[in-house]
Amino acid sequence: MKTRRNSERLSYSTRVVRNDSLNMKKYVKADICVVGAGISGISAAVEAARLGLDVVLVDGFPGLGGQAVHSIVGTFCGLYHHGENRYQFTHGIADDILHDLGAQGALHYRHGPSYTTVLYDEVALSRWVERTVLDCGITAIVGAVLREVKTDGRRICFVDLATRYGEVRICANGFVDATGDAALAWLAGLPCREPARGPIYGSQMIVIESIAPEYVPSREELAARLREKGAKYNLVRRDGFAFVFPQRGTALVNLTHMETPLDPVDATMNGLRGKEQADRALEFLKGEFPVAFGNARIRSYGFPGIRQTRWIVGVHHLTVDEVRAGKRFPDAVARTAWPIELHDHIEGYIWEPFDDDHVHYVPLGSLLSPDADNLVAVGRCIDADAAALSSVRVMGPCIAMGAAAAHVLHLAGSGSVHEIDKNVLQHRLYDNVVRTD
Ligand SMILES: Cc1cc2nc3c(=O)[nH]c(=O)nc-3n(C[C@H](O)[C@H](O)[C@H](O)COP(=O)(O)OP(=O)(O)OC[C@H]3O[C@@H](n4cnc5c(N)ncnc54)[C@H](O)[C@@H]3O)c2cc1C
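What counts and how
- Position numbers for residues start from 1 in each chain and track the written sequence from start to end.
- pLDDT decides what is reported in this predicted model: residues at 70 or higher carry local features, side-chain atom pairs at 80 or more are listed and counted, and totals for whole chains, interfaces and linings draw on all residues regardless.
- Neither water nor hydrogens contribute to the side-chain values; these are computed over all heavy atoms in the structure.
- Only Phe, Tyr and Trp rings are paired, with Trp represented by its six-membered ring, and only when their centres lie within 6.5 Å; those with planes under 30 degrees apart are stacked, over 60 edge-to-face, the remainder tilted.
- The helix and strand labels rest on DSSP assignments: H or I over at least four residues marks a helix, E over at least two residues marks a strand, and numbering proceeds from the N terminus.
- Remark: a charge is flagged as sitting over a ring if the NZ atom of Lys or the CZ atom of Arg is within 6 Å of the ring centre and within 35 degrees of the ring normal.
- Residues are classed as near a molecule or strand on a simple rule: at least one heavy atom within 4 Å of it.
- Identification of polar contacts relies on pairs of N or O atoms within 3.5 Å, with a donor-acceptor requirement for protein atoms, meaning one able to donate a hydrogen and the other able to accept it, and with residues adjacent in sequence counted only if both atoms are side-chain atoms.
- Charged means Asp, Glu, Lys or Arg here, nonpolar means Ala, Val, Leu, Ile, Met, Phe, Trp, Tyr, Cys or Pro, and polar covers whatever is left, Gly included.
- The start and end points of each domain follow an automatic or database-based domain assignment.
- Two residues form a contact once any of their heavy atoms are found within 4.5 Å.
- Reported buried area values correspond to the accessible surface (1.4 Å probe) lost by two parts on association, with both partners' losses combined.
- A side-chain nitrogen of Lys or Arg and a carboxyl oxygen of Asp or Glu constitute a salt bridge if their distance falls within 4 Å.
- Both cavities and pockets are sets of points on a 1 Å grid over the protein atoms alone; in a cavity a 1.4 Å probe fits but cannot get out, in a pocket the set is open with protein on both sides within 12 Å along at least five of seven lines, and lining residues sit with an atom within 4 Å of a point.
- Grid points are joined across faces, edges and corners, and a volume is the space filled by probe spheres set on the points.
- Strands are labelled as partners when DSSP assigns at least two bridges between them.
- A fitted line through C-alpha atoms represents every axis, and for helices the fit uses only the stretch in contact; the resulting angles, taken between N-to-C directions, go from 0 to 180 degrees.
- Candidate patch residues must exceed 30% relative accessible area and have no salt bridge, after which like charges are joined if within 9 Å and Val, Leu, Ile, Met, Phe, Trp or Tyr side chains if within 5 Å.
- Each accessible area value is a Shrake-Rupley result obtained with a 1.4 Å probe; residue values ignore everything except the protein chains displayed when judging cover.
- For this count, His and the chain ends are skipped, Lys and Arg are scored as positive, and Asp and Glu as negative.
- Working definition for charges: the position is that of NZ of Lys, CZ of Arg, CG of Asp or CD of Glu.
- What we call a nonpolar core is a set of buried Ala, Val, Leu, Ile, Met, Phe, Trp, Tyr and Cys residues that are connected through their side-chain atoms within 4.5 Å.
- Categorising residues by exposure relies on relative accessible area from a 1.4 Å probe, with only protein chains included: less than 20% of the type maximum marks a residue as buried, more than 50% marks it as exposed, and the intermediate range marks it as partly exposed.

Let us now look at the packing of aromatic side chains. Applying the stated criterion across every chain, the model contains eleven aromatic pairs. Look at Tyr 80 and Tyr 109: their rings are 6.4 Å apart centre to centre, the planes differ by 65°, and that puts the pair in the edge-to-face class. With Tyr 80 in the loop between β3 (75–76) and α4 (93–103) and Tyr 109 in strand β4 (residues 107–111), this pair connects stretches of sequence that are 29 residues apart. Ring geometry for Phe 284 versus Phe 289: centroids 6.2 Å apart, planes at 80°, classification edge-to-face. Cluster of aromatic residues (ring-pair linked, three or more members): Tyr 115, Trp 338, Tyr 349 and Trp 351. The side chain of Arg 110 reaches across the aromatic face of Phe 243, ending 3.7 Å from its centre. The ring of Tyr 301 carries the charged tip of Lys 275 above its face, separated from the ring centre by 5.2 Å.

Below you can see the structure in the form of C-alpha cells.
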C-alpha cells in the first residue's frame, strides 16, 4: 500500500513551464525537403529516400496523401496507354501501390473503350502512404504551413513553417515544390502563372453507400438526365459521374463545380458551399434514379478538390499544341495519354481524347525555374498552358514527375539542377519514359 501511494504522488506532480520564444523554433536538416505530401510529393520523397538521401516531407494538412487521400479523387488516371496492349506509362511507387492495394482487394480496374483507370480505396491508400514513409525512414512533419522561404542568390537555403506546436526551420540542399499551388516558388519570389481567363473549377467529391450497383446509370445516361433536370435540383454542373466500386458497395460521385481561389476566406466559404452542392447532387441521384440510389447515404465528403490555381514559370512552357502533337522532348521525364480535361466553365469541362496510339510527354524544363538552382516543381504546379496542364496533372504523370525530381536533385548534389547530365537522367527514368511492356 505504501509503495502505491508514493507512485501515485509522483504521477500527480507537475512542473511549471513558461513560453520562451527564443527556444521555440525547431531546426531540421536534410538533403532534400519536399513541401506537399500529395501523390507527386510522396513519389519524390520515397524515390529520394530509396536513393539514399535524407528526406524531410512536410504538408500544411494534418495528414499525408494530399488530394489523392483527403479529397478522395478516387481513381488513378493517365497511368495506362490507350492502345491495344495498354502498357503502364509510370512505374516506381505506382507499381508498389498497384501491387499492395491490389493484394488487399482495394483496387478496381475500369477498362473503358478508350482508356483504363483504376479506382482505389482511399483508406487503404492513406495507410500505404503512412507505412511507406515510415519504412523509407522519411521524416514527416504535417500540419506545417509554409510561412517564409529564404534564398541566397539562385539557391533556396531554408523554409520556415508554422505548426500548432511551434515554428520549424528546414535547411536542405534541394527542395521540391509539390504544393499544387506553387507555394514554395511563390514565397521564394519566383514568377508564377495563374489562369488568365477566369477560374479553373474544383469539385467536392463524395462517396455514397447503400446503392444498388447493378442499376447505376451509365455516364452518358447520367449526363443526359443532368442536362434535362439539373436545374430543378439547383445543380450548377451538367455532367459528371458516379463510379461504382463493387468490392465495397459504394460509388464515387463527382457532380459539382466550385471556384477554388487562393484567398483564405473565399477558399473556406466556397468549400462549404461545395458541400451543399454535393448534398443536392445526392438528392438528384435519389430523385432521378431511385432504384439505384433511393437508399443512398453519403459515407464521406472529401476536402475541396483543387485542380489548377497557380503554377511556376519554368524553363519550358508546355503547350497544348505540343500535347496534341505528342512531342517527344529530349529531356522528357513523364508521359501520359490522358485527354485534355479542362474544367474552365461552371456547367462542364473540355474533354479532348486522343487516338489509341497517342502519347504525350512532360519535359524536365517544365519542372525547373530558370532562376533557381536547387528547386524542382512537380504535379499540379509545373509550367504549362492551362489546357496542357489539365492533361498532365493527373496522378499517373504526377508520380513520374515526383520520381524525376528525386533523381534530378540526387544528380545535382550541391550543384545546379540545370547542369545535371541529362543522358544519365534519361537512363534512370527509362521505365517512366520509354518502357512499353
Ligand atoms: C475533384 C478532382 C478530381 C480529380 N480526379 C482525378 C482522378 O480521378 N484521377 C486522377 O489521376 N487525377 C484526378 N484529379 C487530379 C489529381 O487529383 C491531382 O491533380 C493530383 O492529385 C495532384 O497531386 P499533387 O501531389 O500535385 O497535389 P496535391 O494532392 O494537391 O498535394 C499538394 C499538397 O501540398 C500541400 N500544401 C499546399 N500548400 C501548402 C503550403 N503553403 N504549405 C504546406 N503544404 C502545402 C497541400 O496540403 C497538399 O497536401 C482530380 C482532381 C480534382 C480536384
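Our focus in this paragraph is the site of the ligand. Taken together, 31 residues lie around the ligand, and Ser 40, Asp 59, Thr 75, Arg 393 and Met 395 are the ones closest in. Ser 40 has a polar side-chain atom sitting 2.6 Å from an oxygen atom of the ligand. Between Met 395 and the ligand, the recorded distance is 2.8 Å, taken from a backbone N or O atom to an oxygen atom. Secondary-structure elements contributing two or more residues to the shell around the ligand are α2 (39–50), α3 (66–70), β3, β7 (145–152) and α12 (395–412). A per-class count over the shell around the ligand returns 16 nonpolar, eleven polar and four charged.

We note that the domain assignment places domain 1 (26–197 + 309–433) and domain 2 (206–301) within the protein. Just the C-alpha atoms count here: the centres of domain 1 and domain 2 sit 28 Å apart. Opposite the 24 residues of domain 1 that make contact, domain 2 presents 18 residues. Between domain 1 and domain 2, the buried area comes to about 1700 Å², and carbon and sulfur atoms account for 57% of it. Counting the contacts that link domain 1 with domain 2 gives two salt bridges. Arg 248 is the partner of Glu 122 in a salt bridge, and the nearest nitrogen-oxygen pair spans 3.1 Å.

When its volume is computed, the second largest pocket comes out at roughly 430 Å³. Considering the residues around the second largest pocket, the lining is formed by 20 residues, among which Arg 110, Tyr 115, Arg 219, Glu 220 and Phe 243 are closest to the centre. Elements with a contribution of two residues or more to the lining of the second largest pocket: β4, α7 (219–229), β12 (241–245) and β18 (348–352). A per-element tally of the lining of the second largest pocket places α7 first, with four residues.

Our next topic: the sheet that holds β12. Sheet architecture is open: four strands sit in the order β12-β13-β11-β14, paired in antiparallel fashion. The two strands at the open ends of the sheet, each matched to only one other strand, are β12 and β14 (297–301). This sheet shows a mean twist of 30° between the axes of neighbouring strands, independent of strand direction. As paired elements, β12 and strand β13 (residues 250–254) share five bridges and run antiparallel to each other. Looking across to β13, one finds that Phe 241 is bridged to Asn 254. Taken strand by strand, helix α8 (residues 264–288) contacts β11 (206–209), β13 and β14, and its axis lies near 150° from that of β14.

Taken together, the side chains of Glu 84, Asp 355, Asp 356 and Asp 357 define an acidic patch exposed on the protein surface. Inspection of the secondary structure assignment puts Asp 356 in the loop between β18 and β19 (360–363).

Now for the nonpolar core. In terms of nonpolar packing, the biggest core is built from 108 residues, with Phe 76, Ile 170 and Leu 367 touching the most fellow members. Element by element, the count of residues in this core is highest for α12, at eleven residues. Each residue touching Ile 170, except ones within four places of it in the same chain, is listed here: Val 28, Cys 33, Val 56, Val 58, Ile 141, Cys 157, Phe 158, Val 159, Leu 161 and Phe 175.

On to the pairing of β11, then. As judged from the three bridges shared by β11 and β13, these two strands associate in the antiparallel manner. What sits directly across from Val 207, in β13, is Leu 252. In terms of strand pairing, β11 meets β14 through four bridges, oriented antiparallel. Paired with Val 207 across the strands is Ser 300, a residue of β14.

What follows deals with the environment of Leu 389. Relative to the helices and strands, Leu 389 is located in helix α11 (residues 386–392). Along the backbone, Leu 389 and Leu 285 are 104 residues apart, and their C-alpha atoms lie at a distance of 31 Å. Once you skip the residues sitting within four places of it in the chain, Leu 389 turns out to touch Gln 308, Trp 311, Gly 379, Arg 380, Ile 382 and Ala 384.

Taken in spatial order, the three strands make up an open sheet running β3-β5-β4, and their pairing is antiparallel. The sheet is open, and its two borders are formed by β3 and β4, each paired with just one other strand. Relative to strand β5 (residues 116–120), β4 runs antiparallel, the two being bridged by five bridges. If you follow Tyr 109 over to β5, its bridge partner there is Val 118.

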